[in-house]
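Structural features, examined
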Amino acid sequence: MVTADFWRGRRVFVTGHTGFKGSWLALWLTEMGAQVTGFALPAEHPSLFEQARVEEVVTHREGDIRDAAALESAMQAADPEIVFHLAAQPLVRFSYEDPVGTWATNVQGTVHLLDACRRLGSLKGVVCVTSDKCYENREWVWPYRETDPMGGHDPYSASKGAAELAIASFRRSFFDREDGPLIASVRAGNVIGGGDWASDRLVPDIIRGLIAGEAIPIRAPDAVRPWQHVLEALGGYLLIAQRLGAGERDFADAWNFGPADSDAKPVRWIAERLMKGWGGGEVVMDDAPKPHEAHLLRLDCSKVRAALGWRPAFDLDTALDRVVVWHRAVEDGSDARAICREQIADYRARMAEAIDGVTQ
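Owing to the predicted nature of the structure, the values given are computational and were not obtained by experimental measurement.

Tallied over the full model, the rule gives 12 aromatic pairs. Ring geometry for Y237 against F257: centres 6.2 Å apart, planes inclined by 75°, an arrangement best described as edge-to-face. With Y237 in helix α9 (residues 230-245) and F257 in strand β10 (residues 254-257), this pair connects stretches of sequence that are 20 residues apart. Counting every residue linked through ring pairs, the aromatic cluster contains Y135, W140, W142 and Y144. Between the NZ or CZ atom of K303 and the centre of the ring of W255, over which it lies, the distance is 4.4 Å. Directly above the aromatic system of F314 lies the positively charged group of R322, at a separation of 5.0 Å from the ring centroid.

Okay, unusual backbone geometry next. Backbone torsion omega between H45 and P46 reads -5°, so that peptide bond is classified as cis. Among the structural elements, P46 can be located in the loop between β2 (35-40) and α3 (48-51). Even without glycine at this site, A220 takes up a positive phi of about 45°. With respect to the helices and strands, A220 occurs in the loop between β8 (216-218) and β9 (224-229). Accessibility expressed as a relative area gives 38% for A220, which makes it partly exposed.

This part covers the nonpolar core. Residues W7, W24, L29, F84 and Y237 are the most contacted members of the largest nonpolar core, which totals 67 residues. Considering every element that reaches this core, the biggest residue donor is α9, with 10 residues. Apart from residues lying up to four places away in sequence, L29 is in contact with W7, V12, V14, A34, V36, F84 and L238. Formed by 23 residues, the second largest nonpolar core is a distinct cluster that contains A74, A78, L123 and I183.

What follows covers α9. Between its terminal C-alpha atoms α9 stretches 22 Å, which fits the 22 Å expected from 16 residues at 1.5 Å a residue. For α9, the buried fraction is high: 15 of the 16 residues fall into the buried class. Taken from the residues just after α9, G247 is the one with a positive phi, measuring 80°.

Within β9, 6 of the 6 residues are buried, which leaves it mostly tucked inside the rest of the structure. Alignment of β9 against strand β11 (residues 264-266), held across 3 bridges, turns out to be antiparallel. Counterpart to P226 in the pairing with β11 is A264.

By the definition in use, this model includes 0 disulfides. Here C128 is not cross-linked by a disulfide; its sulfur's nearest cysteine counterpart is in C117, at 7.1 Å. Judged by its relative accessible area of 1%, C128 falls in the buried class.

Spatially, 7 strands are ordered β3-β2-β1-β4-β5-β6-β10 in an open sheet, and the strand pairing comes out parallel. For this open sheet the edge positions go to β3 (59-62) and β10, each flanked by a neighbour on one side alone. Mean inter-strand twist for the sheet, computed between neighbouring axes without regard to direction, equals 20°. By the bridge criterion, 4 bridges tie β2 to β3 in an arrangement that is parallel. Within β3, the position partnered with F39 by the bridge is R61.

Parameters and conventions
Residues numbered from 1 in each chain as written. Predicted model: local features only at pLDDT ≥ 70, side-chain atom pairs only at ≥ 80, totals over all residues. Heavy atoms only, no water. Phe/Tyr/Trp six-rings, centres within 6.5 Å; stacked < 30°, edge-to-face > 60°. Helix = DSSP H or I, 4+ residues; strand = E, 2+ residues; numbered from the N terminus. Lys NZ or Arg CZ within 6 Å of the ring centre and 35° of its normal. Buried < 20%, exposed > 50% of the residue type's maximum accessible area, 1.4 Å probe, protein only. Core = buried A, V, L, I, M, F, W, Y, C linked by side-chain atoms within 4.5 Å. Contact = heavy atoms within 4.5 Å. Expected span 1.5 Å × (residues − 1). Pairing = 2+ DSSP bridges. Disulfide = S-S within 2.5 Å. Axes fitted to C-alpha atoms, helices over the stretch in contact; angles between N-to-C directions.

Printed below as a string of structure tokens:
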């Protein structure tokens, strides 16, 4: 289980803590008593980081992971026991506009982090977050396993595949000592949740349209993705980090965290389900020419199920309901941090039930 006893008082370094996933992770960690230092670019506006006042509960350091010296200086000052690397250029379509920046951030930034980790005296484990899009996508119906080839058509996907190769290389070259820190990579599906305001991403675009009462343009309505709530992915990352922190070398590897096969749904289904939950809205098809994006993508999570007993605690309907509840509450003036903490507490209880159901 994700246990506060492991995290209480533990020094944790999180890159990308001003982003959507990083903000949720920082809130979860600090709720369990961890001492969190975050290193990231300034938060965008609006952002969960601002809405939930994450800066109040962490040691906040602004910086760019492409700046190796600044990153290492922040890490040395924090002297972490566990590192979560989430900082990235996270958007497929933007990677066509800035391929050089995408590769510099996602690949060289990861190399900067791993190289700095070599000189941290207290470090026990590193969890590097990449993407389900790191695989060479053959547009087939079979889900991808951790042993499948890395690849990627677009600059974003290819950069994540390349980051995985760099992680594996550092693990074998520099972190293979019996007494050394352990390095894992984690690959999640399309995460959704309250407080995601990223541009050019389906669920945030739908939420913006619903709040504004405007028609919602969607592209590739039949594209299928492995949708999952952000807490599903983060719960898996925390479980892996606990095993690394305990010195369990078998967990220094690559891991998929995805939804049940039945929750890999097309874009059109997601839009219709969110509008139903919101109680209104309409979509329009975006027929403008667009760069290539994968049409079909699924993850095989049998490895983590066997090793950890992990499985999704939310089905997709529940995950989408949590998105609507979060945004409705914030629109009505509720405290964003309090809503996050309520949803984290609810998820932790459901996660415990889900894992217990597998292991019995």
